[in-house]
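What follows is the residue order along each chain.
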Amino acid sequence: MKKGRFGNYGGQYIPETLMNAVLELEEAYEYYRKDEHFQLELDELMKNYAGRPSILYYAQKMTRDLGGAKIYLKREDLNHTGSHKINNVLGQALLAKKMGKTRVIAETGAGQHGVATATAAALMDLECEIFMGREDTQRQALNVFRMELLGAKVNVVESGTQTLKDAVNETMREWTSRMDDTYYVLGSVMGPHPYPTIVRDFQKMIGKEIKEQLQAVEHRLPDAVIACVGGGSNAIGAFYEFIDDPTVQLIGCEAAGLGVDNPKNAATLANGSVGIFHGMKSYFCQDEFGQIAPVYSISAGLDYPGIGPEHAMLADTGRAQYVPVTDLEAVEAFEYLSRTEGIIPAIESAHAVAYACRLAPKMAGDKIIVINISGRGDKDVAAIARYRGVKIDE
Amino acid sequence: MSRVKNVFSKGKAFIAFITAGDPNLETTEKLIPAMSQAGADLIEIGIPFSDPIAEGVVIQNASERALAAGATTDKIFDMLERVRKKTSVPLAFMTYVNPVFVYGVERFMKRAAACGIDAMVVPDLPFEEKEELLSSCQARGIDLISLIAPTSKHRISMIAAGAEGFVYCVSSLGVTGVRSRITTDIAEMVALVKAARDIPCAIGFGISTPEQARTMAGYADGVIVGSAIVKIAEQYGVECVGPISAYVRQMKAAIE
């Protein structure tokens, strides 16, 4: 396999100006990946700062209510900053520090990656600038203030569709203008090599912990692992440990917005085709001339027209399945999990909960489903109220 | 043999960029022969892309205007077929790898060659990935242009050794757009290219005034101007042919 490729996907499709920066990153990562001190430092941060390992919770009421497979929730929502994003960010910020960088930049959709990056930057004394689409700054106004509170500068992106895709464009443009002291903390398993590998490696403890924790209580592997997919970092983190366990079904839930037959969706594998964008060959929502489509989802974190290259490969080989989940299904699951288990999931994670609610009743009572609750839903409460037509004073 | 060789055979070359379809394709169809008559030695035609990550706001906005006005790759090819009946000026496409890849690389190059496209400039296709387009370009006699940047350093000799047509020297860090100052050591960049291979070098990114063009032409074989021309198109819309021709004439005179 060619360097930085997942089957046919991946690669390094970026301007020449960035090539040496990306090669420098690759070299540094290869070194620190094997460096014992780096790993010890990172483990310490994960344990005593992020709060790992996150618990694996048996959702007894939900299991009983759905009347099928046993359901476990991997509680990434309990991490410091409230989502799985902190795992990747602590790894990359530490790497940036080791590389002698003094400034980090990052894109954000829902704001979770931006908040996590601003947090790590505060902790490690790095200057921090976040790029966020105007539409997302409105949907997730609270997260904008959180980032500012943490000392980051938030740049509002006015170009294109003013969402996550455009935030990535703008962060790449910023990186092109300044890379000597600046490290780009990419938030998902996407972009040019080595990012999809780095981000996956910093997220793969999710699946590793699931395996160990389930082994301890059930003495067996799960039958299905379900996660939501935008770029796909929490999903690859949950899946990776199980790729060589063929009995474990891996299911990624894409945001279908108003429905896969409605143009207002972000279901890349359901509707997309192979293309080359944001540094990688993968699947993208686009037209016949390769113009990237303006996608839509109620979830700012899944509102992205592409998917990471490793997912593209897993979809092609059939090792993982990808299913579309609509806004309405996700909102209903958001409300359902809140009511049933007293856990308010991020609207992103609610896409995975929704599919599990469909799947569990069809499975026998001795089967086990693990849902990755990638983040907590506090940030979404206002948006869900708006969706339901409830007026609240924010 | 592509026409690119001729571009640099009559002294310093002036390379002019426009976004196809901005403000509409009829205007682009008039602009190409007009810019050629005004002294442009090579015309770079931008195929608009929804997400041009190497462009500053001026060309980003031009791409948006062109797409909103209905420009598509097919309509650009059709327009160029008509243009080719009026002018034999060397032509290059400037676009991103996705519009070419999704159109089908073979199918794209076949139509490009039929319209007399001589070169391709693809800013998100670095040396490591150029195989994506290279064999199809070579089969049709189209030069796939290599770019080097101020950050390229030790990569320059490797890139130059495999370059075709000319080497596009990116003058500055960051995206395209007018700059008041260019601080990179351009002479050194060009010298590193020439040490690896005797191939023409053209400088682009940030050049807008006749003085800048003259200085840059002193270091290299040609200069490339994009955003400054696109700004005139933005200002004058369908009436831009005259003002752009006048600008090209002035810039060409400055480097002669």
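You'll find the structure just up there.
Basis of the calculations
Residues numbered from 1 in each chain as written. Chains lettered and ligands numbered in written order. Predicted model: local features only at pLDDT ≥ 70, side-chain atom pairs only at ≥ 80, totals over all residues. Heavy atoms only, no water. Helix = DSSP H or I, 4+ residues; strand = E, 2+ residues; numbered from the N terminus. Rg over C-alpha atoms; globule rule 2.2 N^0.38 Å. Buried < 20%, exposed > 50% of the residue type's maximum accessible area, 1.4 Å probe, protein only. Contact = heavy atoms within 4.5 Å. Areas by Shrake-Rupley, 256 points an atom, 1.4 Å probe, with all protein chains shown as cover. Lys, Arg positive; Asp, Glu negative; His and termini not counted. Charge placed at Lys NZ, Arg CZ, Asp CG, Glu CD. Polar contact = N/O pair within 3.5 Å; in protein donor to acceptor, adjacent residues only side chain to side chain. Pairing = 2+ DSSP bridges. Axes fitted to C-alpha atoms, helices over the stretch in contact; angles between N-to-C directions. Parallel < 35°, antiparallel > 145°, perpendicular 65-115°, else oblique. Left-handed = near helix turned anticlockwise from the far one by under 90°. Buried area = accessible area lost by both parts, 1.4 Å probe. Salt bridge = Lys/Arg side-chain N within 4 Å of Asp/Glu carboxyl O. Nonpolar A, V, L, I, M, F, W, Y, C, P; charged D, E, K, R; others polar.

1. Considering the overall build of chain A
Looking only at helices and strands, one finds 16 helices and 14 strands in chain A. The globule rule puts the C-alpha radius of gyration for 394 residues at 21 Å, and the 19 Å found for chain A is close to it. Once the C-alpha set of chain A is aligned to its principal axes, its extents read approximately 55 × 45 × 45 Å. Here chain A holds 394 residues, and the buried ones make up 66% of them. A separation threshold of at least 6 residues defines the contact pool for chain A, and within that pool the share at least 24 residues apart is 73%. As displayed, chain A has an accessible area near 13800 Å², and 52% of this comes from carbon and sulfur atoms. Of the charged side chains in chain A, 41 are positive and 52 negative; the average position of the first set lies 3 Å away from that of the second.

2. Overview of the overall build of chain B
Of regular secondary structure, chain B possesses 12 helices and nine strands. Here the C-alpha atoms of chain B give a radius of gyration of 16 Å, agreeing with the 18 Å that 2.2 N^0.38 yields for 256 residues. Each principal axis of the C-alpha distribution contributes one length, and for chain B these read about 45 × 40 × 30 Å. Counting only residues that meet the buried cut, chain B has 64% of its 256 residues in that class. Put simply, 72% of the contacts in chain B that link residues at least 6 apart link residues at least 24 apart. About 9200 Å² of surface is accessible on chain B, with carbon and sulfur atoms providing 51% of the total.

3. Description of the side chain of Ser171 of chain B
Residue and element names in this part refer to chain B. The topology assignment puts Ser171 in the loop between strand S7 (167-170) and helix H9 (186-196). In this structure the side chain of Ser171 is engaged in a polar contact, spanning 2.9 Å, whose partner is the side chain of Ser172. Beyond its immediate chain neighbours, meaning those up to four positions away, Ser171 contacts Pro150, Ile182, Thr184, Ile186, Ile203, Gly204 and Phe205.

4. With respect to the sheet that holds strand S8 (residues 182-184) of chain A
Residue and element names in this part refer to chain A. With parallel pairing, the four strands of this open sheet are ordered in space as S7-S6-S5-S8. Looking along the sheet, the strands with just one partner apiece sit at the ends: strand S7 (153-157) and S8. The mean inter-strand angle of the sheet, taken between neighbouring strand axes irrespective of direction, is 25°. Sheet analysis places strand S5 (residues 103-108) next to S8, joined by three bridges and oriented parallel. Residue pairing for S8: Ile105 is matched across the bridge by Tyr184.

5. Things to note about the packing of helix H2 (residues 25-37) of chain B against helix H12 (residues 241-255) of chain B
Helix-helix packing is characterised by the crossing angle of the two axes and by the distance between the axes. Residue and element names in this part refer to chain B. Relative orientation of the contacting elements H2 and H12 amounts to 25°, with a least axis distance of 10 Å. Considering their axes alone, H2 and H12 lie roughly parallel with respect to each other. Relative to H12, the crossing made by H2 is right-handed. Two secondary-structure elements touch here, H2 through Thr27, Lys30, Leu31, Ala34 and Met35 and H12 through Val241, Ile244, Ser245 and Val248.

6. What about the sheet that holds strand S1 (residues 13-19) of chain B?
Residues and elements named next belong to chain B. Reading across from one edge, S5-S4-S3-S2-S1-S9-S8-S7-S6 is the order of the nine strands in this open sheet, with parallel pairing throughout. Each edge of the open sheet carries a strand with a single partner, namely strand S5 (143-144) and strand S6 (146-148). Note that strand S4 (residues 119-121) and S5 share two bridges and pair parallel. Across the sheet, residue Ala119 finds its bridge partner in S5, namely Asp143. Its contacts with the sheet place H9 against S6, S7 and strand S8 (201-204), and it is angled at close to 150° to S8.

7. Quick notes on the interface of chain B and chain A
Of the residues lining the interface, 39 residues belong to chain B; the matching set on chain A comes to 36 residues. Buried area between chain B and chain A, both sides added, is near 2900 Å², and the carbon and sulfur share of it is 53%. Three residues stand out in chain B for area buried against chain A, namely Asp51, Ile53 and Glu129 of chain B, and they jointly supply 21% of the buried area on that side. Note that Arg5 of chain A is salt-bridged to Glu129 of chain B, the shortest N-O span being 2.7 Å. Connecting chain B to chain A are 21 residue pairs in polar contact (both at pLDDT 80 or more). Listed by contribution, the elements that provide at least two residues to the side of chain B that touches chain A are helix H3 (57-68), helix H4 (73-83), helix H5 (97-103) and S6 of chain B. Among the elements that make up the side of chain B that touches chain A, the one with the highest residue count is H5 of chain B (six residues). Considered class by class, the residues forming the side of chain B that touches chain A number 21 nonpolar, nine polar and nine charged.

Bear in mind that shape data such as this cannot, by itself, settle questions of function.
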